[in-house]
Amino acid sequence: MCSQPYAVVLGGLNMDIAGISGELYREHDSNIGRITLTDGGVGQNIAQNMVKLEVPTYLITVFGDDEFGEILRRNCIAKGIKLDCAEKLIGKASSTYLYVTDGKGDMVSGVNDMAIIKYMTPEFFERRIDFINQSKLCVIDGNLEQESIEWLADHVTVPLFVDPVSVAKAKRFESVLNRVDTFKPNEIEAELFTGIKVVDEETGKKAAQKLVELGVTNAFISLGEHGIICANENDVTSVPILKSKVVSCNGAGDCSMATIAWARFFYGETLSLVEVAQLTQAAASITVESIDAVSDYLAVRTVVKRAQEFNVTD
């Protein structure tokens, strides 16, 4: 199917309906703003960012035979995301995600209809496992069912990169942390696994080290506007955010996961934790300057140029 090195992403493909509020946001009221309809989903967002960073990427997912499904299929192909191992399910509704952001670009509420992802069962992945294991790395998003996550942890032989997605879904990875190469939770998700409430850099480092003790090889804890904490058995460090004009924070975490995977895909383990984290923060700073979950300006050259503010060079 592919003669060159490639990566795979296993996860969600959604139609995103976004309500972007103006500067003044009022709860329980009608707010002036913009409404957009875009292809999304954590898995798709990660895959799209990886393609922008020049990683040949296959998205292994499902979509319906409805109008949204056809739009999503066409858009993925147009953006360079390979769907050779994805599956269109007859008579099923494509995954849809509705969210609203406030005047600062932060999400205040969201509703997802992702019932279709339940069809990504162990049997679904068993038919694709040889292709997955021929890749350089495999990214999993937490929208998958726990049964499928545990099956994949037992059968995937390439490095597993995990984005737990949300507090509600993070626990699905609790029994497989010792088989995860790279784990990227936020501070609340990290607390679920470590019991450590992350309120500052010190507690963030303790939580990251605890994740390593639990079996994770590389831990990256996103602290939003307070930066990122990263740890492995040899090091623990923190990297601040880069200044940017924030339009929307939606998609920043997906971009971070994609950048971490990109760094491993092209550089192996030659980069230090801090170098990877700096590149990640550079990419995220580009994403938050866009109203879209995936920025049109994301590219290897723009990430490297922005990262030079950390004195990182290519």
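Every value quoted in this text rests on a predicted model; they were computed, and no experiment measured them.

A. Seen up close, the side chain of Gln48. Residue placement: Gln48 occurs in helix α1 (residues 42–52). Sequence-distant contacts of Gln48, defined by excluding residues within four places in its chain, comprise Asp39, Lys79, Ile81 and Val294.

B. Inspection of the domain arrangement of the protein at higher detail. Taken domain by domain, the protein comprises domain 1 (1–140) and domain 2 (159–313). The straight-line distance from the C-alpha centre of domain 1 to that of domain 2 is 20 Å. In this assembly, 28 residues from domain 1 lie in contact with 33 residues from domain 2. When domain 1 packs against domain 2, the two sides together hide about 2600 Å² of surface, and 66% of this comes from carbon and sulfur. For the pair domain 1 and domain 2, the number of links is zero salt bridges. Inspection of the region where domain 1 meets domain 2 yields seven residue pairs in polar contact (both at pLDDT 80 or more). Elements with a contribution of two residues or more to the side of domain 1 that touches domain 2: β3 (33–40), α1 and β9 (137–141). Per element, the largest residue contribution to the side of domain 1 that touches domain 2 is seven residues, and it comes from α1. When the residues that make up the side of domain 1 that touches domain 2 are grouped by side-chain class, the tally is 16 nonpolar, six polar and six charged.

C. Representation of the environment of Glu174 in the model. With respect to the element layout, Glu174 can be found in the loop between α6 (167–170) and β11 (182–183). Between the C-alpha atoms of Glu174 and Val303, which are 129 residues apart in sequence, the distance is 32 Å.

D. Up close: the packing of helix α9 (residues 252–267) against helix α10 (residues 273–287). Running from amino to carboxyl end, α9 crosses α10 at an angle of 140 degrees, the nearest separation of the two axes being 8 Å. Between α9 and α10, the angle falls in the class oblique. For the pair α9 and α10, the crossing hand works out as right-handed. In this structure, α9 uses Ala252, Cys255, Ser256, Thr259, Ile260, Trp262 and Ala263 to contact α10, whose residues at the interface are Val276, Leu279, Thr280, Ala283, Ala284 and Thr287. Of the residues contributing to the contact of α9 with α10, the split by class is nine nonpolar, four polar and no charged.

E. Representation of helix α11 (residues 300–307) within the structure. The complete set of buried residues in α11 reads Val300, Val303, Val304, Arg306 and Ala307. Looking down the long axis of α11, one finds its buried residues gathered within 165 degrees of arc, a one-sided arrangement. Exposed and facing more than 90 degrees away from the buried side of α11 are Arg301 and Lys305. Buried residues along α11 sit against α1, α9 and α10.

F. Structural view of the pattern of salt bridges. Within the structure shown, the criterion is met by 13 salt bridges. Across the pair Glu70 and Arg73 runs a salt bridge, and its minimum N-O distance is 2.8 Å. Here the residue Glu70 and the residue Arg73 both occupy positions in helix α2 (residues 67–78), the gap between them amounting to three residues, near one helical turn. Overall, the relative accessible area of 28% leaves Glu70 in the partly exposed class. We classify Arg73 as partly exposed; its relative accessible area is 28%. Shared partners join several salt bridges into a network, and the residues in it are Glu70, Arg73 and Arg74.

Conventions used here
- Residues numbered from 1 in each chain as written.
- Predicted model: local features only at pLDDT ≥ 70, side-chain atom pairs only at ≥ 80, totals over all residues.
- Heavy atoms only, no water.
- Helix = DSSP H or I, 4+ residues; strand = E, 2+ residues; numbered from the N terminus.
- Contact = heavy atoms within 4.5 Å.
- Domains from an automatic or database assignment.
- Buried area = accessible area lost by both parts, 1.4 Å probe.
- Salt bridge = Lys/Arg side-chain N within 4 Å of Asp/Glu carboxyl O.
- Polar contact = N/O pair within 3.5 Å; in protein donor to acceptor, adjacent residues only side chain to side chain.
- Nonpolar A, V, L, I, M, F, W, Y, C, P; charged D, E, K, R; others polar.
- Axes fitted to C-alpha atoms, helices over the stretch in contact; angles between N-to-C directions.
- Parallel < 35°, antiparallel > 145°, perpendicular 65-115°, else oblique.
- Left-handed = near helix turned anticlockwise from the far one by under 90°.
- Buried < 20%, exposed > 50% of the residue type's maximum accessible area, 1.4 Å probe, protein only.
- Arc of directions from axis to C-beta.

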